[in-house]
Amino acid sequence: MSRRIGRRIGSFGPQAGRFAETARWARDLCVCVRLPLFICTLVRVIGARLPIVVVAVSVLISGAALASSLVTESAPTASHARAPQALGVEPSWASGTSSSGRLERFSLEHAMSHVRRLAGRIGTRVRAHSGERKAARYVAARFRSMGYRTDVNSFPVDDDRSRNVVAKWPASARYGIVLGAHMDTVPGSPGANDNASGVAVLLEIARLIAAREPSRWVKLVAFGSEEYGADGRHHVGSREFVERLGARGRRRLAGMVSIDMIADGRPLLTGTSGIGPPVAARNLFRIISAKTNIGLRYITFCDCSDHGPFERAGIPATFLYSGEEPDYHSSSDLPQNLIPGDLRRTGRAMRAFVADVDQRLVQRWRSRG
Ligand SMILES: [Zn+2]
């Protein structure tokens, strides 16, 4: 190639000497940087302007080299961007990779530690009394330690104040699905099954989904004042929650699952009170039945837990419940009288359900059918 160029340059006219010199320089440059033939031909034609062309080509080559080096140097920066994920802080869905992956196993040990704390160390948690206040503090601290944004919303009841603990993952959907369990007890009962068991499942599920895709679509709520009070009202905390949603929130909220009394040795039940849209109950029943062998049963039951106010507001709501038991509302509702295997059973059921919670499921519940 270089030989052919030299022969053609040798046939130039009166300025052949000057052109020959610049042409040799150009040829050497072409050989050196392996420029295509057409560029060298162009150099020969423009003759004295060769230096300008050389400068332009040099600038282009330098620019390309610089860009290449910048691309190479940017690689470590990309790994820095992944650092928060490696620390378990950045949710998988936030990066757009959107795989919930497989959730960790439900830990009975963790759940029982919550039951012992609530029904053992704290004990009776009557609404608007110090036990309920301590329970709210404990639950809020657990949610916060997992990375949830947590609010304690107080409301008036029995001439005092009770509270709901509301936890959401940062940047999660505003109106998704509420997973709820009540913290309070009737007077004289430590409420291990009613309902430290439900709160324990709620906290353990919160741990399993923290920073995972399902946390984008759920709100975790520990309700105060579910039990009847001196004024004859019940479900005050959940009613308060529903009222605070406002008209738009009640329209937009996809649904609610109440976990209440789930570890007493009887079959696990789900369903509705026969008031609100059944889509949540039916969907939850189908998912848990398809993915587990726990023998979940479907019933229509009384308006007697926190799903009631949601159903009455037209929001799809359902429950997990294992029926009445000998220790119901009594001083013997103690951690040692709870059936740990049933606590794990409900944990497995909820884990199976939340693993399927995504935008599609939320839209389906939101459309009420
Ligand atoms: Zn109760």
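Residues numbered from 1 in each chain as written. Predicted model: local features only at pLDDT ≥ 70, side-chain atom pairs only at ≥ 80, totals over all residues.

Quick word on the overall build of the chain
When its secondary structure is counted, the chain shows 14 helices and eight strands. Considering the chain as a whole, with its 369 residues, one finds that 43% of them fall into the buried category. (Helix = DSSP H or I, 4+ residues; strand = E, 2+ residues; numbered from the N terminus. Buried ≥ 20, exposed ≤ 12 C-beta atoms within 10 Å, placed from the backbone.)

Some points on the packing of helix α11 (residues 279–291) against helix α13 (residues 340–354)
Helix-helix packing: each pair is described by the crossing angle between the helix axes and the interaxial distance. The N-to-C vectors of α11 and α13 enclose an angle of 110 degrees; their axes lie 9 Å apart at closest approach. Here α13 runs roughly perpendicular to α11, going by the angle between their axes. Between α11 and α13, the contacting residues are L284, I287, I288 and K291 on the first element and A349, A352 and F353 on the second. Of the residues contributing to the contact of α11 with α13, the split by class is six nonpolar, no polar and one charged. (Axes fitted to C-alpha atoms, helices over the stretch in contact; angles between N-to-C directions. Parallel < 35°, antiparallel > 145°, perpendicular 65-115°, else oblique. Contact = placed C-beta atoms within 7 Å. Nonpolar A, V, L, I, M, F, W, Y, C, P; charged D, E, K, R; others polar.)

Quick word on unusual backbone geometry
In this chain, D194 is followed by N195 through a cis amide linkage whose omega measures 5 degrees. Checked against the element boundaries, N195 lands in helix α8 (residues 192–209). For D158, which is not glycine, the phi dihedral falls at a positive 50 degrees. Mapping D158 onto the fold places it in the loop between β1 (149–157) and β2 (160–168). With 16 C-beta atoms counted inside 10 Å, the residue D158 sits in the partly exposed group. Despite not being glycine, A211 has its phi angle at roughly 65 degrees, a positive value. Checked against the element boundaries, A211 lands in the loop between α8 and β4 (218–223).

Observations regarding the sheet that holds β2
Strand order across the open sheet formed by six strands is β1-β2-β4-β3-β5-β8, with mixed pairing between neighbours. Strand pairing shows two members of the sheet lacking a second neighbour, β1 and β8 (317–320), which therefore form its edges. Each strand axis lies, on average, 20 degrees off the axis of its neighbour in the sheet, ignoring direction. Taken together, the six bridges between strand β3 (residues 177–182) and β4 define a ladder with parallel strand orientation. Note on β4: the bridge partner recorded for H182 is F223. Strands in contact with α8 are β2, β3, β4 and β5 (255–259); relative to β3, the strand with the most contacts, it is inclined by about 140 degrees. (Pairing = 2+ DSSP bridges.)

Concerning helix α9 (residues 236–244)
The buried fraction of α9 is high, at seven of nine residues. The inward-facing, buried residues of α9 abut β1, β2, β3, β4, α10 (246–252) and α12 (307–312). G246, located one to two residues past α9, shows a positive phi value of around 75 degrees.

Brief notes about the nonpolar core
Residues V139, I177, V199, L202 and A222 are the most contacted members of the largest nonpolar core, which totals 75 residues. In terms of residues, this core owes the most to one element, α8, which gives 11 residues. The contacts of A222, once residues within four sequence positions are left out, are A136, V139, N164, V165, A181, M183, V199 and L202. (Core = buried A, V, L, I, M, F, W, Y, C linked by C-beta atoms within 7 Å.)

Side note on the confidence of the model for the chain
Low pLDDT means the predicted atomic positions in that stretch should not be read closely. Looking at the chain as a whole, the pLDDT averages 81, with 73% of positions reaching at least 70. Contacts for the low-pLDDT stretch residues 29–35, under 50 throughout, to residues beyond four places or in other chains number seven contacts. (pLDDT = per-residue confidence, 0-100.)

What to know about the packing of helix α6 (residues 108–122) against α8
Axis separation between α6 and α8 bottoms out at 8 Å; the angle between their running directions is 135 degrees. Relative to α8, the element α6 lies oblique. As α6 packs across α8, the resulting crossing turns out to be right-handed. Across from H110, A111, H114, V115, L118 and A119 in α6, the residues of α8 making contact are A192, A196, S197, V199, A200, V201, L203, E204 and R207. Partitioned by chemical class, the residues of the contact of α6 with α8 number 10 nonpolar, three polar and two charged. (Left-handed = near helix turned anticlockwise from the far one by under 90°.)

Looking at α8
Between its terminal C-alpha atoms α8 stretches 24 Å, which fits the 26 Å expected from 18 residues at 1.5 Å a residue. Once α8 ends, the next one or two residues include A211, with phi positive near 65 degrees. (Expected span 1.5 Å × (residues − 1).)

As for the environment of P190
Mapped onto the elements of the fold, P190 is located in the loop between β3 and α8. When the C-alpha atoms of P190 and P335 are compared, they prove to be 8.6 Å apart, with 145 residues separating the residues in sequence. For P190, the contacting residues outside a window of four places in its chain are A119, G123, T124, T185, D333 and L334.

Quick word on the environment of F155
Among the structural elements, F155 can be located in strand β1. Under the C-beta neighbour-count criterion, F155 is labelled partly exposed, with 18 such atoms within 10 Å. A C-alpha to C-alpha distance of 9.3 Å links F155 and A128, two positions 27 residues apart in sequence. Ignoring sequence-local partners within four residues, the contact set of F155 consists of R161, S162 and E240.

Describing the pairing of β1
Relative to β2, β1 runs antiparallel, the two sharing nine bridges. Each residue of the ladder has a partner; that of S154, found in β2, is R163. Connecting the antiparallel pair β1 and β2 is a turn made up of two residues, with D158 showing a positive phi of about 50 degrees.

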